[in-house]
Amino acid sequence: MEDIPQSAEATAAPRPWWALALSGLFHPLLIPTYMYVLLMVINPFLFGSNDLGDQRAIITLVMLVLYTFVIPLISVLLMVLLNMVGSVMMEDRMERIGPLLLVMVLYFWVYYNLSQSNDVPTIFSSFLLGVVMSLAIAFVINVLDKVSLHTIGMGGLAGMSMICMLFFGSQGIGMGGITLSLGLLVILIVLIAGLVGSARLALGAHNNTQIYMGYFVGFFCQWMALLFYF
């Protein structure tokens, strides 16, 4: 299936600010960081820490951001400067091959090293394996058609939030004097995932099939990774 061409008028039209904001805030490279913070807030003892402000937790967070966001982002920017890809938006699916391969290899390296650490809980290793699996499937799909990496990320986040509810259902997230149940958290993440998909449609980055395919791949891979570990 070929990419859907956009008209000159659609290309020239200003992009909705809310769609750009959501696409940036929930960029797929940020999803591992969000998941780590979420698990730390739910149960910091999983990582051998007392809370997110613990020195060990902060060091792990910094390293995670560095290897799953900063380095991949800098690598893509270098590809743009070297004219290997047209822009950071990578609207042409063929431009995605190099960045996808690079990120997939880097994320596998992160997964392998963290999964060998006694300080990293199995549930987070399972999440990272699901991310690597979804990237591999996205790489294969990309040969034939584009798939939304944003909705892959949000599908994975929604899937893992449901897994967290399965494992830690009796716990919640303390917010001042209020405790947010994990059930409400799942609903919130699913709603955000829907908004992110709507944002990608509003920007003309994908069609409906590519959006729903992304949700399915991200969600499915998290449960497959869970079966591998449990």
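Residues numbered from 1 in each chain as written. Predicted model: local features only at pLDDT ≥ 70, side-chain atom pairs only at ≥ 80, totals over all residues. Heavy atoms only, no water.

### Some thoughts on the nonpolar core
The tendency in soluble globular proteins is for nonpolar side chains to be buried side by side. Core analysis: the biggest nonpolar cluster contains 55 residues, and Met35, Leu39, Phe124, Phe127 and Cys164 have the highest contact counts within it. Mapped onto this core, the elements with two or more residues apiece are helix H2 (17-25), helix H3 (31-42), helix H4 (55-81), helix H5 (97-115), helix H6 (122-142), helix H7 (149-168), helix H8 (182-202) and helix H9 (208-229). Broken down by element, the residue count for this core peaks at 10 residues, all from H6. With residues up to four places along the chain from it excluded, the contact list for Phe124 reads Pro32, Met35, Tyr36, Leu39, Phe47, Leu64 and Leu114. (Core = buried A, V, L, I, M, F, W, Y, C linked by side-chain atoms within 4.5 Å. Buried < 20%, exposed > 50% of the residue type's maximum accessible area, 1.4 Å probe, protein only. Helix = DSSP H or I, 4+ residues; strand = E, 2+ residues; numbered from the N terminus. Contact = heavy atoms within 4.5 Å.)

### A short note on H5
Between its first and last C-alpha atoms H5 spans 27 Å; for 19 residues at 1.5 Å apiece the expected length is 27 Å, and the two agree. Taken together, the buried positions of H5 are Pro99, Leu100, Val103, Met104, Leu106, Tyr107, Val110 and Tyr111. Summarising the contacts, the buried residues of H5 are in contact with H3, H4, H6, H7 and H9. (Expected span 1.5 Å × (residues − 1).)

### Here's the deal with H6
Helix length check: H6, at 21 residues, gives a terminal C-alpha distance of 30 Å against a target of 30 Å (1.5 Å per residue), a fit within 8%. Of all 21 residues in H6, 15 are buried; the element is thus mostly enclosed.

### Concerning the packing of H7 against H9
For any two helices packed against each other, one specifies the inter-axial angle together with the distance between the axes. Viewed as axis vectors pointing N to C, H7 and H9 meet at an angle of 35°, and their least axial separation amounts to 7 Å. With respect to the hand of their crossing, H7 and H9 are arranged in right-handed fashion. Residues Thr151, Ile152, Gly155, Gly156, Gly159, Met160, Met162, Ile163, Leu166 and Phe167 of H7 form the contact with H9, whose participating residues are Gln210, Ile211, Gly214, Tyr215, Val217, Gly218, Phe219, Gln222, Trp223 and Leu226. Along the lines of polarity and charge, the residues of the contact of H7 with H9 split into 12 nonpolar, eight polar and no charged. (Axes fitted to C-alpha atoms, helices over the stretch in contact; angles between N-to-C directions. Left-handed = near helix turned anticlockwise from the far one by under 90°. Nonpolar A, V, L, I, M, F, W, Y, C, P; charged D, E, K, R; others polar.)

### Re a nonpolar patch on the surface
Where nonpolar side chains cluster on the molecular surface, the patch consists of Leu73, Leu77, Val88 and Met89 and spans about 300 Å² of accessible area. Summarising the element assignment, Val88 is placed in the loop between H4 and H5. (Patch = residues over 30% accessible without salt bridge, like charges linked within 9 Å, V, L, I, M, F, W, Y side chains within 5 Å. Areas by Shrake-Rupley, 256 points an atom, 1.4 Å probe, with all protein chains shown as cover. Salt bridge = Lys/Arg side-chain N within 4 Å of Asp/Glu carboxyl O.)

### Focus: the layout of surface pockets
In this structure, the largest pocket encloses a volume near 710 Å³. Lining of the largest pocket is provided by 33 residues; of these, His27, Pro28, Leu29, Leu149 and His150 occupy positions nearest its centre. Going through the elements one at a time, H2, H3, H4, H5, H6, H7 and H9 are the ones with two or more residues in the lining of the largest pocket. Residues of the lining of the largest pocket, tallied by class, amount to 20 nonpolar, 11 polar and two charged. (1 Å grid on protein atoms, 1.4 Å probe; cavity = no way out; pocket = protein on both sides within 12 Å on 5 of 7 lines; lining within 4 Å. Points joined across faces, edges and corners; volume = space filled by probe spheres on them.)

### Side note on the pattern of salt bridges
Scanning all chains against the criterion turns up one salt bridge. Notably, a salt bridge pairs Arg56 with Asp119, separated by 3.7 Å at the nearest N-O pair. Separated by 63 residues along the polypeptide, Arg56 in helix H4 and Asp119 in the loop between H5 and H6 bring together distant segments of the chain.

### As for the state of the cysteines
Applying the stated criterion across every chain, the model contains zero disulfides. Of all cysteine sulfurs in the structure, the one in Cys221 sits closest to Cys164, which takes part in no disulfide; the separation is 17 Å. (Disulfide = S-S within 2.5 Å.)

### So, the environment of Met89
Within the element layout of this structure, Met89 appears in the loop between H4 and H5. Between the alpha carbons of Met89 and Ala205 there is a distance of 8.8 Å; along the sequence they are 116 residues apart.

### Remarks on the confidence of the model for the chain
Of the residues in the chain, 93% reach a pLDDT of 70 or more, and the chain-wide mean stands at 88. Across residues 1-11, confidence stays below pLDDT 50; counting only partners more than four residues off in sequence or on other chains, it has 12 contacts. (pLDDT = per-residue confidence, 0-100.)

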